[in-house]
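# Remarks on the overall topology
Residues per chain are reported as follows:
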Amino acid sequence: IELKKGSKYELTFDIRCGQPLQKRETILAYLFKSSPDYTPYAQLELTPESEWQTVKKIFTMSTVTDTDARLQFRIGKLPPGTVLYIDNISLMEQE
């Protein structure tokens, strides 16, 4: 993923969980540099619900342009048998 310094972006995705989760059971959507020092550019922590949610995060790339950024969903420790659905992932540069 290329992220340009000074550009504004919107990260959007839909998410739901097959069962209700406790508030401490969170997912982290994490956009970062894919090599050491793994600089974070944007992150969003949330607890998915059993109904679809559309999640949006708008951010401005404040560091140097990165032509190899990475988007990762850190799932952490969810109860055994938990099914997580993530769909319609989009990262768009804003005007």
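So, here is what we can say about the structure in this document. Bear in mind the structure is a predicted one, so any value in this text is a computation, not a measurement.

## Observations concerning the pattern of salt bridges
When the charged atoms of two side chains with opposite charge come close together, those side chains can pair. Taken as a whole and assessed by the stated rule, the structure comprises 2 salt bridges. The closest approach of N and O atoms between Lys4 and Glu93, which form a salt bridge, is 3.4 Å. Linking Lys4 in the segment before strand S1 (8-17) with Glu93 in strand S6 (residues 84-94), this pair joins segments that are 89 residues apart in sequence. Judged by its relative accessible area of 39%, Glu93 is partly exposed. Taking the shortest distance from any N to any O, the salt bridge between Asp37 and Lys33 comes out at 4.0 Å. Under the relative-accessibility criterion, Asp37 is labelled exposed at 54%. Lys33 gets classed as partly exposed once you look at its relative accessible area, which sits at 27%.

## A closer look at a nonpolar patch on the surface
Together, Trp52, Val83 and Tyr85 make up a nonpolar patch on the protein surface, roughly 280 Å² of accessible area in all. Along the chain, the position of Val83 falls in the loop between strand S5 (69-74) and S6. For Val83, a relative accessible area of 38% translates into the label partly exposed.

## Section: the environment of Glu51
On the secondary structure map, Glu51 appears in the loop between strand S3 (40-46) and strand S4 (53-60). Between the alpha carbons of Glu51 and Ser62 there is a distance of 34 Å; along the sequence they are 11 residues apart. For Glu51, the residues in contact, after removing those within four places along its chain, are Ile15 and Arg16.

## Structural notes on the sheet that holds S6
If you trace the 3 strands from one edge of the open sheet to the other, you get S4-S1-S6, paired in antiparallel fashion. The open sheet has two edge strands, S4 and S6, and neither has a second partner. Put simply, the sheet's adjacent strands are angled 15° from each other on average, direction ignored.

Conventions adopted
Residues numbered from 1 in each chain as written. Predicted model: local features only at pLDDT ≥ 70, side-chain atom pairs only at ≥ 80, totals over all residues. Heavy atoms only, no water. Salt bridge = Lys/Arg side-chain N within 4 Å of Asp/Glu carboxyl O. Helix = DSSP H or I, 4+ residues; strand = E, 2+ residues; numbered from the N terminus. Buried < 20%, exposed > 50% of the residue type's maximum accessible area, 1.4 Å probe, protein only. Patch = residues over 30% accessible without salt bridge, like charges linked within 9 Å, V, L, I, M, F, W, Y side chains within 5 Å. Areas by Shrake-Rupley, 256 points an atom, 1.4 Å probe, with all protein chains shown as cover. Contact = heavy atoms within 4.5 Å. Pairing = 2+ DSSP bridges. Axes fitted to C-alpha atoms, helices over the stretch in contact; angles between N-to-C directions.

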